[in-house]
Amino acid sequence: MRRKVALAFFVPVLLAGCGRERLTPPDTVRPAAPLGTGAEAFPKDGLFLDRPGNWPFRPGRPPLVASTSNGTATVALWRYLRSEPLPRESAALETAQTSLEQAAKARDGTFELERSTRVKVDGAPGIELRGTETIAGRKRRVRSTHVYAKEAEVVLDAYAAPEDFDRVDKEVFDPIVTSLRIDPPEGTP
């Protein structure tokens, strides 16, 4: 009798799930569209930026300040202390730009430079490289922004799968670079 009661209870429960439409699982590969904004502050390194609310940064080990990943996209913020004079004038920036281009090609034989430009971030001079390279065995489009300020070279590396890059660059990478503020590190006179 107990067996019949149990079957009478469980069979309808099992059948209730049949015929239901299939649910599409969330896409965990494509980078998510930004939701709101959040402020990130790294006073120990003198770095501050705004990021999408659903792209929180995790602290890193120096020289990596912090990073965030979402789907195929990653943003990494680095701060390299420099004892030599930082490039500020045209000739020094041209030398730094050539050196960065050569270093990118030497580090990854698959690197293809799309363009290399001089930029200003928070009023400081910088160089931005854009291209395609192989990261962890996968093709990625990259945007690497190098800013020379406050005795350091601050680097914001951003990359994503080629099919996602243009959208993520516009929605996430560009706003992060534009919002970057560089101060002296905490405790510096």
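Residues numbered from 1 in each chain as written. Predicted model: local features only at pLDDT ≥ 70, side-chain atom pairs only at ≥ 80, totals over all residues. Heavy atoms only, no water.

Moving on to the packing of aromatic side chains. Each aromatic ring pair is specified by the distance between its two centres and by the angle formed by the two planes. Overall, the coordinates contain three aromatic pairs when judged by the stated rule. Where F42 meets F57, the ring centres are 6.4 Å apart and the plane angle is 65°; that geometry is what we call edge-to-face. Here F57 lies in the loop between β2 (47-52) and β3 (58-59) and F42 lies in strand β1 (residues 37-42), a separation of 15 residues in the sequence. You'll find F42 and F57 in the same group, each marked buried. Ring geometry for W78 and Y80: centres 6.1 Å apart, planes at 10°, overall stacked. (Phe/Tyr/Trp six-rings, centres within 6.5 Å; stacked < 30°, edge-to-face > 60°. Helix = DSSP H or I, 4+ residues; strand = E, 2+ residues; numbered from the N terminus. Buried < 20%, exposed > 50% of the residue type's maximum accessible area, 1.4 Å probe, protein only.)

Sheet analysis places strand β6 (residues 112-121) next to strand β7 (residues 124-135), joined by nine bridges and oriented antiparallel. Paired with L113 across the strands is G131, a residue of β7. (Pairing = 2+ DSSP bridges.)

Attention shifts here to the pattern of salt bridges. One pass over the full model with this rule turns up 13 salt bridges. The closest approach of N and O atoms between R30 and D164, which form a salt bridge, is 3.1 Å. A residue pair is termed long-range when its members are at least 10 positions apart, and R30 in the loop between α1 (2-16) and β1 and D164 in helix α3 (residues 162-179) qualify at 134 residues. Here R30 falls in the partly exposed class, since its relative accessible area comes to 38%. A salt bridge links R51 to E40; its shortest N-O distance comes to 2.9 Å. Taken as a pair, R51 in strand β2 and E40 in strand β1 lie far apart in primary sequence, 11 residues in all. Comparing R51 with E40, the two get one shared label, buried. Salt bridges linked by common partners bring E128, R130, R143, D169 and D174 together as one network. (Salt bridge = Lys/Arg side-chain N within 4 Å of Asp/Glu carboxyl O.)

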